Amino acid sequence: MQPSRRKSSFFPAEIIAMKQAGGGRKNYNLNVFVVVFSIFLFACFMYNEDVKSIAEFPFSRPNRPETQESNGYEVDSTVWIGSRMKPRSETPEETQETEKKIELPAVIEEEDDSDVEIPPEDCDVFNGDWVYDNVTHPLYKEDECEFLTEQVTCMRNGRRDSTYQNWRWQPRQCSLPKFKPRLLLQKLRGKRLMFVGDSLNRNQWESMICLVQSVVPPGRKSLTKKGSLSVFRIDDYNATVEFYWAPFIVESNSDDPTMHSILNRIIMPESIDKHGENWKGVDFLIFNTYIWWMNTFKMKVLRGSFDQGSTEYDEIERPIAYGRVLRTWAQWVDQNIDPNRTSVFFTSMSPLHIKSLDWNNPDGIKCAKETYPIFNMTTQLEVGTDRRVFAVAVNVTESMKVPVYFVNITSLSELRKDAHTSVHTIRQGKLLTPEQQADPINFADCIHWCLPGLPDTWNEFLYSRILSHS
């Protein structure tokens with residue numbers, strides 16, 4: 001026969017034994033005290049266990065790894081104070097530690113390229129039409145790009161019409177890819193892109209900065225200028241968009257980036273190494289040279305060198321001198337550029353619009369007050385572009401060992417009489433006065449282009465080429 005099982009108790013056996021022993025009143029009071037005290041200890045024990053269980057229960061707070069990011073910030077038990085997060089209680093030392101703790105690298109949002117259509121290789125993207133499109137163009141806004149110079153901010157400088165910003169280039173056989181600044185920056189990650197040439201290439205450089213800077217956070221981009229080189233840096237991509245002033249590509253007496261308004265422009269057609277040292281190691285090189293050739297029919301070619309103090313020169317026909325310069329440039333590229341690393345571009349001639357009769361407007365004054373592109377020309381459009389130097393550029397670039405992508409902007413830009421800065425610009429560093437703006441025959445700039453505007457399209461060609469070959 002098994003002994004009967006005693007019902008288990010929450011109280012220790014010693015306490016029960018003392019209760020069964022009975023005894024005097026003193027012992028009875030002591031037993032009561034011990035029982036009450038034991039219950040109190042048990043209650044505290046159970047309470048702590050319950051609190052611990054609740055604290056560890058998943059509904060109380062989310063489990064998270066040591067560093068969890070949400071929209072670029074670290075998730076923590078914090079309250080918002082102004083623009084920073086602060087723990088609910090902290091000492092000054094803890095504040096410093098917390099602020100250090102939430103300093104995470106900027107989160108870089110990757111661009112999806114699944115809907116980007118690359119033009120086929122055999123498509124002539126330079127053969128097309130201007131289409132009015134105020135939905136997708138302009139690609140950025142003038143007042144949202146702090147890096148634009150006063151030379152090209154036409155709306156800020158008093159221009160009243162803005163339709164020049166809404167024209168999109170549409171190739172006839174294909175389409176240019178949708179411009180995505182983050183996608184371009186991904187292709188430029190860890191690389192250098194440099195424009196080399198005259199003020200038209202600087203015009204295009206400013207356009208490229210505005211095209212990419214909109215997706216770069218404040219404080220993560222900077223612009224520095226030193227001598228002939230200007231560098232726009234995008235920190236989070238370790239990328240640069242640069243401009244190097246060399247209006248003739250080779251050495252000239254106009255190489256000073258600020259003091260170059262010289263009437264007697266003299267060149268050294270076979271001297272390029274001084275400039276070329278600054279182009280080595282660049283991943284994308286975009287060259288141009290044209291507008292500085294157009295003030296005289298003959299070019300002055302130095303006998304000797306500037307370093308030796310030479311002053312005598314010969315005068316040579318423009319196409320011949322242009323050919324000598326481009327062959328010097330081509331030889332430098334072939335000898336110094338690794339095509340497996342560096343992509344080379346040459347941009348054709350950016351046209352002028354000086355005579356309104358060229359587009360059948362006898363009442364016009366140069367390019368002033370022109371608000372639409374040229375349409376419905378019954379004859380071949382001629383606005384004064386020197387096709388001889390255009391042919392030289394084509395022939396030289398096609399004969400080089402290193403592949404050069406010829407960016408043929410000339411004909412499509414000739415249609416854009418409406419896109420120049422005209423009287424909404426500066427001269428000698430100063431904004432034109434109302435009196436000067438009222439005198440377009442003497443003050444209208446029909447060489448450079450407003451931004452946003454035509455140079456954005458030139459950069460869309462670069463963007464398309466970079467995407468298709470990366």
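Residues numbered from 1 in each chain as written. Predicted model: local features only at pLDDT ≥ 70, side-chain atom pairs only at ≥ 80, totals over all residues. Heavy atoms only, no water.

### Concerning the sheet that holds strand S11 (residues 251-252)
Spatial strand order, S11-S12-S14-S15: four strands in an open sheet with mixed pairing. At either margin of the open sheet sits one strand with a lone partner, and together these are S11 and strand S15 (313-317). As defined by bridge partners, strand S12 (residues 266-268) adjoins strand S14 (residues 298-302) across two bridges and the pair is classed as parallel. Residue pairing for S14: Ile-267 is matched across the bridge by Val-301. Against the sheet, helix H7 (residues 318-336) contacts S12, S14 and S15, and its axis sits at roughly 105° relative to S15. (Pairing = 2+ DSSP bridges. Helix = DSSP H or I, 4+ residues; strand = E, 2+ residues; numbered from the N terminus. Contact = heavy atoms within 4.5 Å. Axes fitted to C-alpha atoms, helices over the stretch in contact; angles between N-to-C directions.)

### Notes on the sheet that holds strand S16 (residues 343-347)
Sheets are built from strands that pair by backbone hydrogen bonding, the pairs being arranged parallel or antiparallel. Within the open sheet, the seven strands sit side by side as S8-S9-S10-S7-S13-S16-S17. Their pairing is mixed. Sheet topology places strand S8 (221-226) and strand S17 (404-407) at the edges, where each strand pairs with a single neighbour. Ignoring which end each strand starts from, the neighbouring axes of this sheet average 15° apart. Inspection of the sheet shows strand S7 (residues 192-197) paired to strand S10 (residues 239-245) by six bridges, in the parallel sense.

### Focus on unusual backbone geometry
For the bond from His-137 to Pro-138, the omega torsion is 10°, close enough to zero to count as cis. When you line up the elements, Pro-138 lands in the loop between strand S5 (128-132) and strand S6 (167-171). For the bond running from Leu-451 to Pro-452, omega is -5°, close enough to zero to count as cis. If you trace the backbone, Pro-452 turns up in the loop between strand S21 (445-449) and helix H12 (454-468). For Asn-238, which is not glycine, the phi dihedral falls at a positive 50°. Tracing the backbone shows Asn-238 in the loop between strand S9 (229-234) and S10. Backbone geometry at Lys-369 places phi at a positive 65°, although glycine is not the residue there. Mapped onto the elements of the fold, Lys-369 is located in the loop between S16 and helix H8 (387-398).

### Re the side chain of Asp-445
By secondary structure assignment, the location of Asp-445 is in strand S21. One buried charged residue, Asp-445, forms no salt bridge at all, with the nearest opposite charge on Arg-427 at 7.4 Å. Reaching out from Asp-445, the side chain makes a polar contact with the side chain of Thr-421 at a distance of 3.4 Å. Side chain to side chain, Asp-445 and His-448 meet in a polar contact 2.8 Å long. With residues up to four places along the chain from it excluded, the contact list for Asp-445 reads Gln-151, Cys-367, His-420, Thr-421, Ser-422 and Thr-425. (Buried < 20%, exposed > 50% of the residue type's maximum accessible area, 1.4 Å probe, protein only. Lys, Arg positive; Asp, Glu negative; His and termini not counted. Salt bridge = Lys/Arg side-chain N within 4 Å of Asp/Glu carboxyl O. Polar contact = N/O pair within 3.5 Å; in protein donor to acceptor, adjacent residues only side chain to side chain.)

### Quick notes on the pairing of S8
In the sheet, S8 pairs with S9 via six bridges, with the strands oriented antiparallel. Bridging from a neighbouring strand, Lys-221 pairs with Ile-234 of S9. Two successive antiparallel strands, S8 and S9, enclose a turn made up of two residues, where Gly-227 displays a positive phi of approximately 65°.

### Notes on the packing of helix H5 (residues 199-213) against H12
Here H5 crosses H12 at 75°, and the two axes come no closer than 9 Å. Considered as vectors, H5 and H12 are oriented roughly perpendicular to each other. Of the residues in H12, those touching H5 at Leu-200, Asn-203, Gln-204, Ser-207, Met-208 and Leu-211 are Pro-455, Asp-456, Trp-458, Asn-459 and Leu-462. A class-by-class count of the residues in the contact of H5 with H12 yields six nonpolar, four polar and one charged. (Parallel < 35°, antiparallel > 145°, perpendicular 65-115°, else oblique. Nonpolar A, V, L, I, M, F, W, Y, C, P; charged D, E, K, R; others polar.)

### Topic: the layout of surface pockets
Roughly 1,700 Å³ of volume is contained in the largest pocket. Lining the largest pocket are 46 residues; nearest its centre among them are Gln-151, Ser-199, Ser-261, Trp-292 and His-448. Those elements that place two or more of their residues in the lining of the largest pocket are H5, S10, strand S19 (426-427), helix H11 (440-443) and S21. Among the residues forming the lining of the largest pocket, the class breakdown is 19 nonpolar, 16 polar and 11 charged. The volume enclosed by the second largest pocket comes to roughly 410 Å³. Along its surface, the second largest pocket is lined by 19 residues, and Gly-128, Asp-129, Arg-172, Ser-411 and Leu-415 are the ones closest to its centre. Listing elements by their share of the lining of the second largest pocket, those giving two or more residues are S5 and helix H9 (410-414). (1 Å grid on protein atoms, 1.4 Å probe; cavity = no way out; pocket = protein on both sides within 12 Å on 5 of 7 lines; lining within 4 Å. Points joined across faces, edges and corners; volume = space filled by probe spheres on them.)

### Focus on the state of the cysteines
Enumeration over the complete set of coordinates arrives at four disulfides. At a sulfur-sulfur separation of 1.9 Å, the disulfide partner of Cys-123 is Cys-174. With the S-S dihedral at roughly -80°, the linkage between Cys-123 and Cys-174 falls on the left-handed side. Of the two residues, Cys-123 sits in the loop between helix H3 (92-101) and S5 while Cys-174 sits in the loop between S6 and helix H4 (181-188), which places them 51 residues apart along the sequence. The partner cysteine of Cys-145 in its disulfide is Cys-210, sulfur to sulfur 2.0 Å. The sign of the -85° torsion about the S-S bond sets the Cys-145-Cys-210 disulfide as left-handed. Highlighted residues: Cys-145 in the loop between S5 and S6 and Cys-210 in helix H5, separated in sequence by 65 residues. (Disulfide = S-S within 2.5 Å.)

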